Amino acid sequence: MENNLTFQDMNLPEPILAALEQKGYGWPTAVQAQAIPPFMEWKDVLAKAPTGTGKTFAFGIPMIVHVDPACEDVQGLILAPTRELAIQIGDELRSLLPGYPDLRVAVLYGGQKLEPQFKQLKRKPQIVVATPGRLMDHFKRHTIRLDKVRTVVLDEADRMLDMGFFKDVTGIVDKTTGRRNLGLFSATFSQEVLTVSWMYQRDEVEITVKPDAENKPDIDQYSLTVPAMEKAEAVLKLIRMGSFERVMIFCNTKVMCQRLSDDLARANVNADCIHGNIAQTQREKTMQRFRDGKLQVLIATDVAARGIDVDDVDCVINYDIPEENEYYIHRIGRTGRARKKGVSFAIVGSFPEQMKLNEIAKFSHFEIQPVAFNEYGLEKVEKKQPAAPAHRRRRI
């Protein structure tokens, strides 16, 4: 794919080009450059791309172009694994619509009362973004029809299917009897994703975007080893000495997420958290404060953080080492965006955590530099080389 390809080269309509120019986007990302042309030709697309590479516009732009604004049927359907991601996709799509006053987008997700969503559907949206469970709920209530849908997209398909939505997703796709094409966008090609592709896609265009120098975030990655009981204190030191304006911290559990949030609040840090036990309305308010720059530190679990897309996170801290290699990539990908330098810290509190971090570094081909606190701040720590096997050691 040519590096100098522009959106103008794709023969997109003027309203789309004007919206992209207004947002400052002159050149498509790799996944956009490869996915938009086949989508425009109504082809099925199977795309594997790292987080933060612009997947929403890759399928959103062709979907908007294909919609007939004069028709009041749902013509484009996007499924997302979490309410946060669904909201984010809806916001990004609406940012492309200043030149399409008659095109409406509805976002449907669980955790919100049905009445506001009934109002959205009564306005006859042509594009619907939804989580699978809530969409099935509306379908059973006969508040939405899917037979006129022409394009279906599964975003973060691996995560969605891994969360147990396989039956709901396939049931929804089966109901889109007028479907012309299907897009699967995923960070990995899991067995479930490939199964859905085999079931529903024909002559699909397969796209793989590797995290190379062009789209890989520019992030300095560090690990900090401290006693397990001193992790919160270490996080506090990092926040204060780094003068970071916007920090994301990831924990593996809801309990730890809330506990750390409380600890930082008691230390007079402007921090808050989102996790599954917090009401959806409160989570949305917290995330909006973070996006608006009114909240310095956002603490989250992996599931709750899906869909938070903020371009200028200064630092990501892994309070817990993630249980999956892919989670680490998703986490640190929140920083180092928009051609800015990013930094991440992994707080290591035990030998098993260190072994897991070593595995992540090997899997991801990342260089994670050990550091330690000193009286002036942080200093690099020389990595210990593994001892040679006994039979190969030379006597002095």
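Further up the page is the structure itself.
Please read these numbers as outputs of a predicted model, since none were measured by experiment.

Visitor: Summarise the sheet that holds strand 2 (residues 76-79); cite the residues concerned and give the values.
Guide: An order of 3-4-2-5-6-1-7 is seen for the seven strands of this open sheet, with the pairing classed as parallel. Two strands lie at the open edges of the sheet, namely strand 3 (105-108) and strand 7 (205-208), each paired on one side alone. Adjacent strand axes in the sheet meet at a mean angle of 10°, parallel and antiparallel pairs treated alike. With four bridges connecting them, strand 2 and strand 5 (residues 151-155) associate as parallel partners. What sits directly across from Ile78, in strand 5, is Val153. Lying on the sheet, helix 2 (residues 30-40) is in contact with strand 1 (45-48), strand 5, strand 6 (181-186) and strand 7; it crosses strand 6 at an angle near 165°.

Visitor: Please set out helix 14 (residues 325-332) residue by residue, giving values where relevant.
Guide: Along helix 14, six of the eight residues are buried, which leaves the element largely enclosed by surrounding structure. The set of residues buried in helix 14 consists of Asn325, Tyr327, Tyr328, His330, Arg331 and Ile332.

Visitor: Give a detailed account of unusual backbone geometry, specifying residues and quantitative values.
Guide: With a phi close to 60°, Lys124 is a non-glycine residue in the positive phi region. Here Lys124 shows up in the loop between helix 5 (114-122) and strand 4 (127-130). Despite not being glycine, Asn268 shows a phi value in the positive range, around 65°. In this structure, Asn268 sits in the loop between helix 11 (254-266) and strand 10 (271-274).

Visitor: Residue-level account of the environment of Ala234, with values.
Guide: Checked against the element boundaries, Ala234 lands in helix 10 (residues 231-242). Residue class for Ala234 comes out buried when judged on its relative accessible area of 2%. Considered as a pair, Ala234 and Tyr319 are 85 residues apart in the sequence and their alpha carbons are 9.5 Å apart. Ignoring anything within four residues of it in the chain, the contact list for Ala234 reads Leu224, Val226 and Phe373.

Reading guide: rules and limits
- Residues numbered from 1 in each chain as written.
- Predicted model: local features only at pLDDT ≥ 70, side-chain atom pairs only at ≥ 80, totals over all residues.
- Heavy atoms only, no water.
- Pairing = 2+ DSSP bridges.
- Helix = DSSP H or I, 4+ residues; strand = E, 2+ residues; numbered from the N terminus.
- Axes fitted to C-alpha atoms, helices over the stretch in contact; angles between N-to-C directions.
- Contact = heavy atoms within 4.5 Å.
- Buried < 20%, exposed > 50% of the residue type's maximum accessible area, 1.4 Å probe, protein only.

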